Amino acid sequence: MTHAARAMMVGVSDDRPPEENTVEPAVETAQPPKRLPILLIVAAVLLGLDLLTKTIAVARLTPQHPVHLIGDVVRFTLVRNPGAAFSMATGMTWLLTLIAAAVVFGVIRIARRLRSLWWAVGLGMVLGGALGNLIDRLFRAPGPLQGHVVDFISVGWWPVFNVADSSIVCGAILLVALTVFGFEPDGSRTGRGDEKSEAAGEVQA
């Protein structure tokens, strides 16, 4: 090989750019939107309905003079309840007031990471009902923390109750059902990831 050929080979350079880092950024999984507005709307509607119906009951009903709607099965009868829902724990009004306040605080704390629609509905029902009865205990006679809750709905043998009681119970039932079936407040579902992993393992095998 001639000296000129060697010089040409030495002068040849590889102008190809170095391989770039081809690591792709992690793809973020789309998350459901936060459901706090739905929770607040449900709570506000039920709270408003509870306060409205209690105001009408106090203005229109007289104790010991029930209004019969369907015979003796369904009627409106005014009762001042110092206890919990459905007239339970009547001698622990102050403690029930503190429990109601704790429930309100707990619901608000969970709401920060809430992404499940049905959890928002259930918690909104519990929050609206808890606030409705809490307002009675704080502002009705005989005084703060000792106020008696207004109950006026009587169905058959069931203890007299109000809209707030119904809201709390129905919301709690919904939350228990969601928990049993694995639906989490953040919108995920317990067990779905395990099922997908097992299915992938079976395919690879």
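Values in this document were obtained by computation on a predicted structure and should not be read as measured data.

Observations concerning the overall build of the chain
Of regular secondary structure, the chain possesses 6 helices and 3 strands. Taken across its 205 residues, the chain has 31% of its residues classed as buried. In the chain, 67% of the contacts between residues at least 6 apart in sequence involve partners at least 24 apart. Total accessible area on the chain stands at roughly 13700 Å², and carbon and sulfur atoms take up 66% of it.

Here we look at the environment of Leu-95
Tracing the backbone shows Leu-95 in helix α3 (residues 93-110). Placed 50 residues apart in sequence, Leu-95 and Leu-145 show a C-alpha to C-alpha distance of 8.3 Å.

Quick notes on the UniProt feature "transmembrane region" (unreviewed entry) in the chain
When the UniProt feature table is mapped to this numbering, "transmembrane region" (unreviewed entry) covers residues 38-59, 84-105, 117-135 and 155-183. In this annotation, residues 117-135 is assigned 100% helix and 0% strand; the end-to-end C-alpha distance for the span is 27 Å. Secondary structure across residues 155-183 comprises 62% helix and 3% strand; the distance between its end C-alpha atoms is 33 Å.

Observations regarding the UniProt feature "active site" (unreviewed entry) in the chain
UniProt's feature table lists "active site" (unreviewed entry) at Asp-151 and Asp-165, given in the numbering used throughout. The residue Asp-151 is located in strand β3 (residues 149-155) in this model. Locating Asp-165 in the fold gives a position in helix α5 (residues 163-180). With a relative accessible area of 2%, Asp-165 lands in the buried category. Within polar-contact distance, the side chain of Asp-165 engages the side chain of Asn-133 at 3.0 Å.

So, the packing of helix α4 (residues 117-139) against α5
Across the interface, α4 lies against α5 with an axial gap of 8 Å and an inter-helix angle of 150°. Compared by their axis directions, α4 and α5 come out roughly antiparallel. At the point where α4 passes α5, the crossing takes the left-handed sense. Contacts between α4 and α5 pair Trp-118, Trp-119, Val-121, Gly-122, Leu-123, Met-125, Val-126, Gly-129, Ala-130 and Asn-133 from the former with Ala-164, Asp-165, Ser-167, Ile-168, Cys-170, Gly-171, Ala-172, Leu-174, Leu-175, Leu-178 and Thr-179 from the latter. Considered class by class, the residues forming the contact of α4 with α5 number 14 nonpolar, 6 polar and 1 charged.

Describing the packing of helix α2 (residues 36-60) against α5
The axes of two packed helices give the description: the angle between them and the distance between them. In the contact formed by α2 and α5, the axes pass within 8 Å of each other and the chain directions differ by 150°. Here α5 runs roughly antiparallel to α2, going by the angle between their axes. Only Val-163, Ala-164 and Ser-167 of α5 make contact with α2, whose side of the interface consists of Leu-46, Leu-49, Asp-50, Thr-53 and Lys-54. Its residues assigned to classes, the contact of α2 with α5 shows 4 nonpolar, 2 polar and 2 charged.

Some details on the pattern of salt bridges
The tally for this structure, following the rule as stated, stands at 3 salt bridges. Residue Asp-136 is joined to Arg-140 by a salt bridge in which the shortest nitrogen-to-oxygen separation is 2.8 Å. With relative accessibility at 1%, the residue Asp-136 sits in the buried group. Residue Arg-140 is classed as partly exposed on the basis of its relative accessible area, which comes to 22%.

Definitions and cut-offs
- Residues numbered from 1 in each chain as written.
- Predicted model: local features only at pLDDT ≥ 70, side-chain atom pairs only at ≥ 80, totals over all residues.
- Heavy atoms only, no water.
- Helix = DSSP H or I, 4+ residues; strand = E, 2+ residues; numbered from the N terminus.
- Buried < 20%, exposed > 50% of the residue type's maximum accessible area, 1.4 Å probe, protein only.
- Contact = heavy atoms within 4.5 Å.
- Areas by Shrake-Rupley, 256 points an atom, 1.4 Å probe, with all protein chains shown as cover.
- UniProt positions renumbered as here; feature names shortened; annotations may be inferred.
- Polar contact = N/O pair within 3.5 Å; in protein donor to acceptor, adjacent residues only side chain to side chain.
- Axes fitted to C-alpha atoms, helices over the stretch in contact; angles between N-to-C directions.
- Parallel < 35°, antiparallel > 145°, perpendicular 65-115°, else oblique.
- Left-handed = near helix turned anticlockwise from the far one by under 90°.
- Nonpolar A, V, L, I, M, F, W, Y, C, P; charged D, E, K, R; others polar.
- Salt bridge = Lys/Arg side-chain N within 4 Å of Asp/Glu carboxyl O.

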